[in-house]
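So you can see what is in the structure, the chains are spelled out below.
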Amino acid sequence: MNIEFFRILSNDNQLRWFPRKAFGVELMFILEQLEEQESSKGIDDTWLLIEHNRPQKGTFSLYVNELQTEGVIDIIRSKQKRSRKILRLSKTSKNALIGMKEQFIDSVLKIHS
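Heads up: these notes are all about the structure in this document. (Residues numbered from 1 in each chain as written. Predicted model: local features only at pLDDT ≥ 70, side-chain atom pairs only at ≥ 80, totals over all residues. Heavy atoms only, no water.)

**Considerations on the overall build of the protein**
- Counting its regular elements, the protein contains five helices and two strands.
- Listed N to C, the secondary structure of the protein is α-α-α-α-β-β-α in terms of helices and strands.
- Along the longest, intermediate and shortest principal axes, the C-alpha atoms of the protein span 50 × 25 × 25 Å.
- Every one of the 113 residues in the protein was classed for burial, and the buried ones make up 37%.
- The long-range share in the protein, meaning contacts at least 24 apart out of those at least 6 apart in sequence, stands at 55%.
- Measuring between centres, the 18 positive side-chain charges of the protein sit 6 Å from its 15 negative side-chain charges. (Helix = DSSP H or I, 4+ residues; strand = E, 2+ residues; numbered from the N terminus. Buried < 20%, exposed > 50% of the residue type's maximum accessible area, 1.4 Å probe, protein only. Contact = heavy atoms within 4.5 Å. Lys, Arg positive; Asp, Glu negative; His and termini not counted. Charge placed at Lys NZ, Arg CZ, Asp CG, Glu CD.)

**A look at helix α2 (residues 24–36)**
- The first and last C-alpha atoms of α2 sit 19 Å apart over 13 residues, in line with the 18 Å expected at 1.5 Å per residue.
- Buried within α2 we find Gly24, Val25, Glu26, Leu27, Met28, Ile30, Leu31, Glu32 and Leu34. (Expected span 1.5 Å × (residues − 1).)

Structure follows, in structure tokens:
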């Protein structure tokens, strides 16, 4: 990974919200992984998965609400436990992340060719 990755991420209208917090990029990849694993970890469990620069719970909650308001993430009810709320990247964010990864790979290939 290099600075080009962060430039692409920061310039994407949908994903630019993640690098605004020290833990945001890590959260983005955690949410991607949880969905791939079809995990039903709740919001608190997701907060605990942040290993680097983990914020206080209040700060995390405010950030989650901001991301939801901006349409970057969705908060949905768990299918296993209806009282549990889980975080997911919005469909637009998932598509943007896929596109960003492709753009990053293309930029790396150009540098090394």
